[in-house]
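What follows is the residue order along each chain.
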Amino acid sequence: MAEELRRARTENIRQATEITALKAQLSRAQGPGITDLVAETTRLRAERDAVEAEAAARAERAEAELREALSGEQRRFEELSRLVRETEAQSTHARHRLEELRLTVVRTEEEAMLQEAGIYEYRHPLADAVAYKSELATVRDRAKDLAKREGGAVLAATDWQVNGSVTAGRKMVRDFSKLLLRAYNAEADNAVRGMRPHRLESMVDRLEKSRQTIARLGTTMHIRISDPYHLLRVRELELTADYLAKQEEEREQRRELRERQREEERLQKELERERARLEKERRHWASALERLLASGSEDPAAVEELRAKLAEVEESTAAVNAREANARAGYVYVISNIGAFGGDIVKIGMTRRLEPMDRVNELGDASVPFKFDVHALIFSEDAMGLERRLHEEFEDRRVNRVNPRREFFRVRPTEVREALKRVAGQHLLEFREDVEAPEWRASGTGTTVSHP
């Protein structure tokens, strides 16, 4: 286009030059050829005007095309700017959402750890799992009743028409309402089936998003899940989580009860065996004393010795009966397992068994790689109280801070010895600081360890 303008200007200059030359000739000639010169001049001027008009028209068309192209580019730029702004807004929202999800993940992990430890915050505290099961049945019955009633579970338009027919429109609305309600219920049922107590928040959030999606898809017909029905399904999820947590809590309680019962049964068997042994020994010494007296022996030392034996046996029998009657009497043990837990962790517990090492050996069964080493065994008429005082002494050093049933503490045996001197008093007869750990050393994984 610029080239055409340049050629047009060159042509104008040429024609102007010719006109000037003609004018010069006209002024010199002053003769009969003047008319021809004027005509030629007029023709040249007309040609010049035509060329200029054509060039101007072309220039205008080119300018219009350029303006249109510029307008299109500007529109594209504005569209790209809008997309950039939307992308930035979405990115900001995504970052915020990611931060919320990270916080949710942390909270969920904490709740999961607490749930594993048997600690759970109930949304609807009830007495036991049976009560939760009954309440769940009530909630589900109420949800079924709402689903059966028109406008109970699903709300929708009532004036929808199909080809001018209100009846056909209502049928279409009912069909779509049933379809969307089935989708919502399928999401709710899946949440109930896959429920874990620590996943409750995410399950409720997923159900709420499903409800929002249904409302968006049903916008044309104003189809949406009603608030009462949604709240019932959310309550069902909460009760399901509570029910599962209560079941686990009751299972844990039953496990503890069975363990206590087994411990009591073992204690009773030990007491019975010890009483039977003492009774057999008593009969033996009583028979010996009776024979000695019947023989008319005049050895007072022998008679006194047999009577002392009988008194000793009767004293032991009384002690056994006292142990059986006193549920708080027993042994407090301080043990460690350097091969399993290292040299700075001890377990402080108690047992009512007559032979406390039986309990220690049970703790060192197949659940740990090596047997426990004993630092102290302290008999006390109030073993439960002594154990509690030691636990309170090292409460801030407890390894498992959420489950007090785990009696491991991150302390050195020397520290336990000093605490025992304060709280056990005369009960502390012997305390071993160094551990033998024969299995650990024989396995080639340990070296000599002496606690400071």
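Reading the values: rules and limits
- Residues numbered from 1 in each chain as written.
- Predicted model: local features only at pLDDT ≥ 70, side-chain atom pairs only at ≥ 80, totals over all residues.
- Heavy atoms only, no water.
- Phe/Tyr/Trp six-rings, centres within 6.5 Å; stacked < 30°, edge-to-face > 60°.
- Helix = DSSP H or I, 4+ residues; strand = E, 2+ residues; numbered from the N terminus.
- Buried < 20%, exposed > 50% of the residue type's maximum accessible area, 1.4 Å probe, protein only.
- Lys NZ or Arg CZ within 6 Å of the ring centre and 35° of its normal.
- Axes fitted to C-alpha atoms, helices over the stretch in contact; angles between N-to-C directions.
- Parallel < 35°, antiparallel > 145°, perpendicular 65-115°, else oblique.
- Left-handed = near helix turned anticlockwise from the far one by under 90°.
- Contact = heavy atoms within 4.5 Å.
- Nonpolar A, V, L, I, M, F, W, Y, C, P; charged D, E, K, R; others polar.
- Core = buried A, V, L, I, M, F, W, Y, C linked by side-chain atoms within 4.5 Å.
- Pairing = 2+ DSSP bridges.
- Expected span 1.5 Å × (residues − 1).
- Salt bridge = Lys/Arg side-chain N within 4 Å of Asp/Glu carboxyl O.

(A) Summary view of the packing of aromatic side chains. Overall, the coordinates contain 4 aromatic pairs when judged by the stated rule. Between Tyr-184 and Tyr-229, the ring centres sit 6.0 Å apart and the planes meet at 50°, which makes this aromatic pair tilted. Taken together, the positions of Tyr-184 in helix H4 (residues 166-193) and Tyr-229 in helix H6 (residues 227-294) put the pair 45 residues apart, joining distant regions of the chain. Accessibility expressed as a relative area gives 0% for Tyr-184, which makes it buried. Taken together, the ring pairs connect Phe-341, Phe-372 and Phe-408 into an aromatic cluster. Over the ring of Phe-408 we find Lys-347; its NZ or CZ atom is 5.0 Å from the centre of that ring.

(B) Main features of the packing of H4 against H6. It is at 10 Å that the axes of H4 and H6 come closest, and there the two elements cross at 15°. By the angle between their axes, H4 is roughly parallel relative to H6. Helix-helix and strand crossings are classified by hand; for H4 and H6 the assignment is right-handed. Touching Leu-181, Tyr-184, Asn-185, Ala-188, Asp-189, Ala-191 and Val-192 of H4 are Tyr-229, His-230, Arg-233, Glu-236, Leu-237 and Thr-240, all from H6. Its residues assigned to classes, the contact of H4 with H6 shows 7 nonpolar, 3 polar and 3 charged.

(C) Spotlight on unusual backbone geometry. In this model, Asn-163 sits at a positive phi of 55°, which is unusual for a non-glycine residue. Examined against the element boundaries, Asn-163 turns out to sit in the loop between strand E1 (154-155) and H4. The exposure class of Asn-163 is exposed, given its relative accessible area of 83%. A positive phi is found at His-222, a non-glycine position, where the angle reads about 60°. Looking at the secondary structure, you find His-222 in the loop between helix H5 (200-217) and strand E2 (224-225). Using a relative accessible area of 48% as the deciding quantity, one classes His-222 as partly exposed.

(D) Structural detail: the nonpolar core. Ranked by internal contacts, the top residues of the largest apolar core, which has 32 residues, are Leu-181, Tyr-184, Ile-225, Tyr-229 and Leu-237. Of all the secondary-structure elements, those providing two or more residues to this core are helix H3 (129-148), H4, H5 and H6. Per-element tally for this core: the top contributor is H6, with 8 residues. Excluding residues within four positions of it along the chain, Leu-237 makes contact with Ala-188, Ala-191, Val-192, Met-195, Leu-200, Met-203, Val-204 and Leu-207.

(E) Expanded view of the sheet that holds strand E5 (residues 373-380). Read across the open sheet, the 4 strands follow the order E5-E3-E4-E6; overall the sheet is antiparallel. Of all strands in the sheet, those with a lone pairing partner are E5 and strand E6 (408-409), marking the two edges. Bridge count between strand E3 (residues 330-336) and strand E4 (residues 346-351): 6 bridges; the pairing is antiparallel. If you follow Val-332 over to E4, its bridge partner there is Met-350.

(F) Just the pairing of E4, in detail. Across the 6 residues that make up E4, a large majority, 6, are buried. Burial of E4 is two-sided: the residues Val-346, Ile-348 and Met-350 facing one way and the residues Lys-347, Gly-349 and Thr-351 facing the other way are all buried. Examined bridge by bridge, E4 and E6 share 2 bridges and lie antiparallel to one another. In the sheet register, Val-346 faces E6, and the bridge partner there is Phe-409.

(G) Structural view of the pairing of E3. The element E3 is largely enclosed, with a buried count of 6 among its 7 residues. Inspection of the sheet shows E3 paired to E5 by 7 bridges, in the antiparallel sense. In the sheet register, Val-332 faces E5, and the bridge partner there is Ile-378.

(H) Fine view of helix H7 (residues 300-325). For H7, which comprises 26 residues, the first-to-last C-alpha distance of 37 Å matches the rise-based estimate of 38 Å (1.5 Å per residue) to within 8%. All of the buried residues along H7 are Val-303, Leu-306, Leu-310, Val-313, Val-320 and Arg-323. For H7, the secondary structure elements touched by its buried residues are H6, E3 and E5.

(I) Region of the structure containing the packing of H6 against H7. Here H6 crosses H7 at 160°, and the two axes come no closer than 9 Å. By the angle class used here, H6 and H7 are roughly antiparallel. Here H6 runs over H7; the crossing is left-handed. A breakdown of the residues in the contact of H6 with H7 according to their chemical character gives 14 nonpolar, 4 polar and 9 charged.

(J) Summary view of the pattern of salt bridges. If you walk through the whole model with that rule in mind, you get 29 salt bridges. Residue Glu-281 pairs with Arg-277 through a salt bridge whose shortest N-O separation is 3.1 Å. Of this pair, Glu-281 and Arg-277 both sit in helix H6, 4 residues apart, which is roughly one turn of the helix. Note on Glu-281: relative accessible area 28%, which makes it partly exposed. Residues Glu-279 and Arg-282 are paired through a salt bridge, measuring 2.7 Å at the closest nitrogen-oxygen approach. In this pair, Glu-279 and Arg-282 are both assigned in helix H6, 3 residues apart and thus about one turn of the helix distant. One salt-bridge network, in which partners are shared between bridges, spans Arg-266, Glu-270, Arg-353, Arg-359 and Glu-362.

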